[in-house]
Amino acid sequence: MRALQISQLTGPDDIELVEVDEPSPEHMLAPDGGVVIEVRAAGVSFPEVLQSRGEYQFKPPTPFVPGAEVAGVVRSVPDGSGFAEGDRVAAMTMLGGFAEVAVAPPYLTFALPDELEFAEGAGLVLNYHTAYFSLVTRGRLTAGETVLVHGAAGGVGTATLQVAKGLGARTIAIVSSDEKEQVAREAGADEVLRSDGPWKDQAKELGGADLVIDPVGGDRFTDSLRTLKEEGRLVVVGFTGGSIPEVKVNRLLLNNTEIIGAGWGAYVMPKPQVNREIGEAIGKLVASGHVRPLVGARFPLERGVEALKLIDSRGATGKVVLEMGA
Ligand SMILES: NC(=O)c1ccc[n+]([C@@H]2O[C@H](COP(=O)([O-])OP(=O)(O)OC[C@H]3O[C@@H](n4cnc5c(N)ncnc54)[C@H](OP(=O)(O)O)[C@@H]3O)[C@@H](O)[C@H]2O)c1
């Protein structure tokens, strides 16, 4: 089969299209057998950019086929998986998704709703499960609260806006350009503020936030805390801004606020039931029309380098997707 392979940790430019054997049905997270999927579309994310440089926390030995999530058609299943040959699914493969055939653990495989095409399905699991986990499981969002979202036109950002709106929240998006403002509005932002402007003061004028979802980090972190209302929560999701923020904790005491970590993968991997519950909640939000992954760019498999470079250059909006046979 055709696949994209990382054989040296020198960045996106050196990812190669290769012919490799199809994977066997075992998966590192499902040694008794995973769901074998004919991949129609694979989602590309920031971690693959980091992996291409050996900078991600999960460092597989080289050479390896990256690709954490896919959408496609089931080819074979282990006993008791709940899926059947021919089912349309979206799944986390963790690795190996940038290929024509990939394997996912059954508990990280979800039915792909009929409303969604495969490219949309390739953006459904990682970003939307992270969004729900950050907003609800960790952030304790309730209807009527105000959520401020950083990196709001990105993959996690657009998913967070859609899920928050679907759960009855008011949303304030922070973005860096006009184009990204449009994307954030399309994803359901009620207010959009610019990251290079006085967003902290503007957010306070808008009444402040009950919840901040932050996949960016960096030097905006302290200002995020300043936008929180009493009993507000800031959820740490990622660090696309580069630096890991440090904070003086007296701010938390003075304003009765909280900082909460949200590491979706580490939390849900050993908890199949939590995965199922989040999957069902997302399924309902798809059915109610609130969740529809925004596909920002599509590339055929052989142009994977361009897909990773788009994310690396901060040019991506919504989900970047590789399509097999496109
Ligand atoms: N905690 C978890 O469980 C979990 C799960 C999934 C992903 N993540 C993490 O969440 C983060 C966001 O992922 P994503 O898929 O949403 O990424 P993305 O689509 O590339 O979006 C990230 C956003 O970050 C902003 N940004 C600010 N400074 C940046 C910089 N120097 N370089 C690139 N982007 C910058 C950009 O928005 P502006 O240009 O508008 O500022 C961009 O739209 C990543 O760090 C990822 O690893 C965490």
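Right above here is the structure, for reference.
The present account deals with the structure reproduced in this document. (Residues numbered from 1 in each chain as written. Predicted model: local features only at pLDDT ≥ 70, side-chain atom pairs only at ≥ 80, totals over all residues.)

### Section: the site of the ligand
Surveying the vicinity of the ligand reveals 30 residues, the closest of which are Gly151, Gly154, Gly155, Gly238 and Trp264. Looking at the shell around the ligand, the elements with two or more residues in it are α1 (46-51), α3 (126-138), α4 (155-166) and α9 (264-268). Element by element, the count of residues in the shell around the ligand is highest for α4, at three residues. In terms of residue class, the shell around the ligand is made up of 14 nonpolar, 14 polar and two charged. Here the shell around the ligand spans two domains, and each of domain 1 (2-124 + 293-323) and domain 2 (127-266) adds at least three residues to it. (Near = placed C-beta within 6 Å. Helix = DSSP H or I, 4+ residues; strand = E, 2+ residues; numbered from the N terminus. Nonpolar A, V, L, I, M, F, W, Y, C, P; charged D, E, K, R; others polar. Domains from an automatic or database assignment.)

### Here's the deal with the packing of α3 against helix α10 (residues 272-287)
Look at α3 against α10: their axes get within 10 Å of each other, and the N-to-C directions meet at 105°. Relative to α10, α3 is oriented roughly perpendicular. Contacts between α3 and α10 involve Tyr128, His129, Tyr132 and Phe133 on the former and, on the latter, Ile278, Ala281 and Ile282. Of the residues assigned to the contact of α3 with α10, the class counts are six nonpolar, one polar and no charged. (Axes fitted to C-alpha atoms, helices over the stretch in contact; angles between N-to-C directions. Parallel < 35°, antiparallel > 145°, perpendicular 65-115°, else oblique. Contact = placed C-beta atoms within 7 Å.)

### Observations regarding the pairing of strand β12 (residues 228-236)
Summarising the sheet, strand β11 (residues 209-214) and β12 pair through five bridges and their orientation is parallel. Considered in β12, the bridge of Ile213 is made with Val235. In this fold, the crossover linking β11 to β12 by way of helix α7 (residues 221-227) has right-handed handedness. (Pairing = 2+ DSSP bridges. Right-handed = clockwise from strand over helix to strand, strands pointing away.)

### Re the environment of Glu323
Following the sequence through the fold, Glu323 ends up in strand β15 (residues 319-323). Looking at Glu323, the number of C-beta atoms within 10 Å reads 18, which means it is partly exposed. When the C-alpha atoms of Glu323 and Phe98 are compared, they prove to be 9.2 Å apart, with 225 residues separating the residues in sequence. Every residue in contact with Glu323, bar those within four places of it in the chain, is listed here: Ala41, Ala119, Arg298 and Pro300. (Buried ≥ 20, exposed ≤ 12 C-beta atoms within 10 Å, placed from the backbone.)

### Describing unusual backbone geometry
Residue Pro63 follows Thr62 across a cis peptide bond; omega there is -10°. The phi angle at Met94 is positive, at roughly 70°, despite the residue not being glycine. Examined against the element boundaries, Met94 turns out to sit in the loop between β5 (88-92) and β6 (101-104).

### Here's the deal with the sheet that holds strand β8 (residues 146-149)
Strand order in the open sheet formed by six strands is β10-β9-β8-β11-β12-β13, and the pairing between neighbours is parallel. Looking along the sheet, the strands with just one partner apiece sit at the ends: β10 (191-194) and β13 (258-261). Each strand of the sheet is rotated relative to its neighbour by a mean of 20°, with strand direction disregarded. Looking at chain direction, β12 and β13 are connected through four bridges and run parallel. Bridge pairing links Val235 to Ile260 in β13. With respect to the sheet, α3 is in contact with β8, β11, β12 and β13, its orientation differing from that of β11 by roughly 145°. Along the sheet, helix α5 (residues 178-186) contacts β9 (170-175) and β10; its crossing angle with β9, the most-contacted strand, is approximately 160°.

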